[in-house]
Amino acid sequence: MMKKIVILGGGVGGTVVANQVARAMTTEMKSGAIAVTVITESTQHIYQPMFLYLAFDRVVPAEAKKPERELLDRHIKIVTGIADRIDPESKQVRMTDGTAVPYDYLVIATGSRPAPEQVAGLSEGGHMFYTEESALKLRQALHDFHGGRIVITVGVPHKCPVAPLEFTFMVQEWAQSQGIADQTEIVYTYPIGRLHSLEPVAQWAEPVFAARHIEPHIFFNPELVDPVKKTITSLEGEVLDYDLLVAIPPHMGQDVIGRSGLGDAGQWIPTHRTSLQMEGSEDVFVLGDATNLPISKAGSTAHFEADVVASNLVNLLQGGLGSMRYDGKVFCFIETGLTKATYITFDYVHPPKPTEPTEMIHMFKLAYNRLYWLTPAGLL
Ligand SMILES: Cc1cc2nc3c(=O)[nH]c(=O)nc-3n(C[C@H](O)[C@H](O)[C@H](O)COP(=O)(O)OP(=O)(O)OC[C@H]3O[C@@H](n4cnc5c(N)ncnc54)[C@H](O)[C@@H]3O)c2cc1C
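Owing to the predicted nature of the structure, the values given are computational and were not obtained by experimental measurement.

Engineer: With reference to specific residues and values, describe the side chain of Glu-166.
Structural biologist: Assignment of secondary structure puts Glu-166 in helix α7 (residues 163-177). Of the buried charged residues, Glu-166 lacks a salt bridge, with Lys-365 as the closest side chain of opposite charge at 5.4 Å.

Engineer: Lay out the domain arrangement of the protein chain in plain terms, naming residues and giving numbers.
Structural biologist: By the assigned domains, the protein chain splits into domain 1 (3-111 + 254-329) and domain 2 (116-249). Placing the centre of domain 1 and that of domain 2 at their C-alpha centroids yields a distance of 32 Å. When the two sides are added together, the surface that domain 1 and domain 2 hide from each other amounts to roughly 1,500 Å², 69% of it contributed by carbon and sulfur. Sorting the residues of domain 1 by area buried against domain 2 places Phe-51, Leu-52 and Phe-56 first, and these three jointly supply 38% of that buried surface. At the junction of domain 1 with domain 2, the criterion picks out 2 salt bridges. Taken together, the residues of the side of domain 1 that touches domain 2 sort by class into 9 nonpolar, 2 polar and 4 charged.

Engineer: So, the packing of aromatic side chains: which residues are in play, and what are the values?
Structural biologist: Each aromatic ring pair is summarised here by two numbers: the centre-to-centre distance and the angle between the ring planes. Under the criterion given, the structure shown has 16 aromatic pairs. When the ring of Phe-56 is compared with that of Phe-167, the centres are 5.2 Å apart and the planes differ by 35 degrees; the resulting orientation is tilted. One end of the pair, Phe-56, is in the loop between α3 (50-55) and β4 (65-67); the other, Phe-167, is in helix α7, and 111 residues separate them in sequence. Judged by centre distance (5.0 Å) and plane angle (85 degrees), the rings of Phe-331 and Phe-333 are edge-to-face. For Phe-331, a relative accessible area of 29% translates into the label partly exposed. Note on Phe-333: relative accessible area 11%, which makes it buried. Connected via pairs of aromatic rings, a cluster forms that spans Tyr-47, Phe-331, Phe-333, Tyr-343, Phe-364, Tyr-368, Tyr-372 and Trp-373. The side chain of Lys-66 reaches across the aromatic face of Trp-373, ending 5.4 Å from its centre. Taking NZ or CZ as reference, Arg-273 lies 4.0 Å from the ring centre of Tyr-348, over its face.

Engineer: Go over the packing of helix α1 (residues 12-24) against helix α10 (residues 299-317) with me, naming the residues and quoting the values.
Structural biologist: Remark: α1 packs on α10, axes separated minimally by 8 Å, with the N-to-C direction vectors making an angle of 30 degrees. The orientation of α1 with respect to α10, classified from their angle, is roughly parallel. Regarding α1 and α10, the two cross each other, and that crossing is right-handed. Two secondary-structure elements touch here, α1 through Val-12, Gly-13, Val-16, Val-17, Gln-20, Val-21 and Ala-24 and α10 through Gly-299, Ala-302, His-303, Ala-306, Asp-307, Val-309, Ala-310, Leu-313 and Val-314. Split into classes, the residues belonging to the contact of α1 with α10 amount to 11 nonpolar, 4 polar and 1 charged.

Engineer: I'd like to hear about the layout of surface pockets, residue by residue, with values.
Structural biologist: The computed volume of the second largest pocket comes to approximately 410 Å³. Along its surface, the second largest pocket is lined by 23 residues, and Ser-197, Pro-294, Ile-295, Ser-296 and Lys-297 are the ones closest to its centre. Residues of the lining of the second largest pocket, tallied by class, amount to 13 nonpolar, 7 polar and 3 charged. A domain-level breakdown of the lining of the second largest pocket finds at least three residues from each of domain 1 (3-111 + 254-329) and domain 2 (116-249).

Parameters and conventions
- Residues numbered from 1 in each chain as written.
- Predicted model: local features only at pLDDT ≥ 70, side-chain atom pairs only at ≥ 80, totals over all residues.
- Heavy atoms only, no water.
- Helix = DSSP H or I, 4+ residues; strand = E, 2+ residues; numbered from the N terminus.
- Buried < 20%, exposed > 50% of the residue type's maximum accessible area, 1.4 Å probe, protein only.
- Lys, Arg positive; Asp, Glu negative; His and termini not counted.
- Salt bridge = Lys/Arg side-chain N within 4 Å of Asp/Glu carboxyl O.
- Domains from an automatic or database assignment.
- Buried area = accessible area lost by both parts, 1.4 Å probe.
- Nonpolar A, V, L, I, M, F, W, Y, C, P; charged D, E, K, R; others polar.
- Phe/Tyr/Trp six-rings, centres within 6.5 Å; stacked < 30°, edge-to-face > 60°.
- Lys NZ or Arg CZ within 6 Å of the ring centre and 35° of its normal.
- Axes fitted to C-alpha atoms, helices over the stretch in contact; angles between N-to-C directions.
- Parallel < 35°, antiparallel > 145°, perpendicular 65-115°, else oblique.
- Left-handed = near helix turned anticlockwise from the far one by under 90°.
- Contact = heavy atoms within 4.5 Å.
- 1 Å grid on protein atoms, 1.4 Å probe; cavity = no way out; pocket = protein on both sides within 12 Å on 5 of 7 lines; lining within 4 Å.
- Points joined across faces, edges and corners; volume = space filled by probe spheres on them.

This is the structure in structure tokens:
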């Protein structure tokens, strides 16, 4: 009997899992013993980190996407469409067009979505760079900006843990490069009592903020934006004026998770922290942003988790016990401006330790932005 592996989501995690399973089981796929299907709502694979560079006019939109078909092993079937519901009882994914995709094993890799609507007035009064469209609008706003007060505000949870700091450092150097640093104030707000959720990163960032005259406002949870008065008010009652507001908006899991009744209040799926199985299920795995795990929502997280899920799937299909475990590993570059970067790596046990920023690490990040297209294809 043919075993059906279905992967819901053609982003970082879904694509890596699909390719790794296909590479390990080409013979079985050719003989019809195993079928691997990727369900994805877009024919395009999006490399989201490019949106940060798009906002600063360093890349163009075409550099952030490629057809998913070009990245997937040719033995993998693609179903392009929107999943409406996941039904673990009948073991199928129901699509909005009325069709259903049955599975023996399901991998949920649906990612997350920015939810600016959670902050009243933010969509009208603020900018972000978490989608192509919003990054393009911010690119125009920066182009038209000739000095004033830039407020960067952060909602939680959000993907890419270091993006708030990266944007702040980049915009500060960008103002210098435009010759408008003297007329520009940079203000940064963060919801908890330090500059970043990862304590070593917060400690590392403090002297950098002081040296660059970036004004921090901690314990600031954005609640309300007034696009006319150009103010942002926090839950804590603080009001800040802005000329340009850039938000890292709070995020949610995808609506298909909510519709299926599989998520918590934020539509994040309860997931076992090391086996990555959906809680209460042996044949459904979850990875990337979609989990409720207390780790950073990052592409590297999705990739490291995908390695574990793919190994376990292959092992289970071969009669093994699927006992590889995820250790919480995450790796993030941190752009510290327009010419230097550092990086952090950490897991469930080991905290991050940012190192001195260098030009070399920045160059490597830029190179990785190109090499990325080889990684989901399984060449690295
Ligand atoms: C501006 C920005 C900068 C970033 N920088 C970094 C960085 O430097 N380093 C880093 O590690 N991470 C970074 N990230 C985060 C990273 O992009 C995400 O964490 C990563 O893409 C998550 O991978 P994923 O596989 O979980 O989900 P995604 O890659 O988001 O893929 C989700 C997939 O699911 C599909 N999908 C969702 N719902 C449905 C549905 N109902 N039906 C069918 N298909 C569906 C989507 O179309 C998509 O193909 C950044 C993100 C942004 C926005």
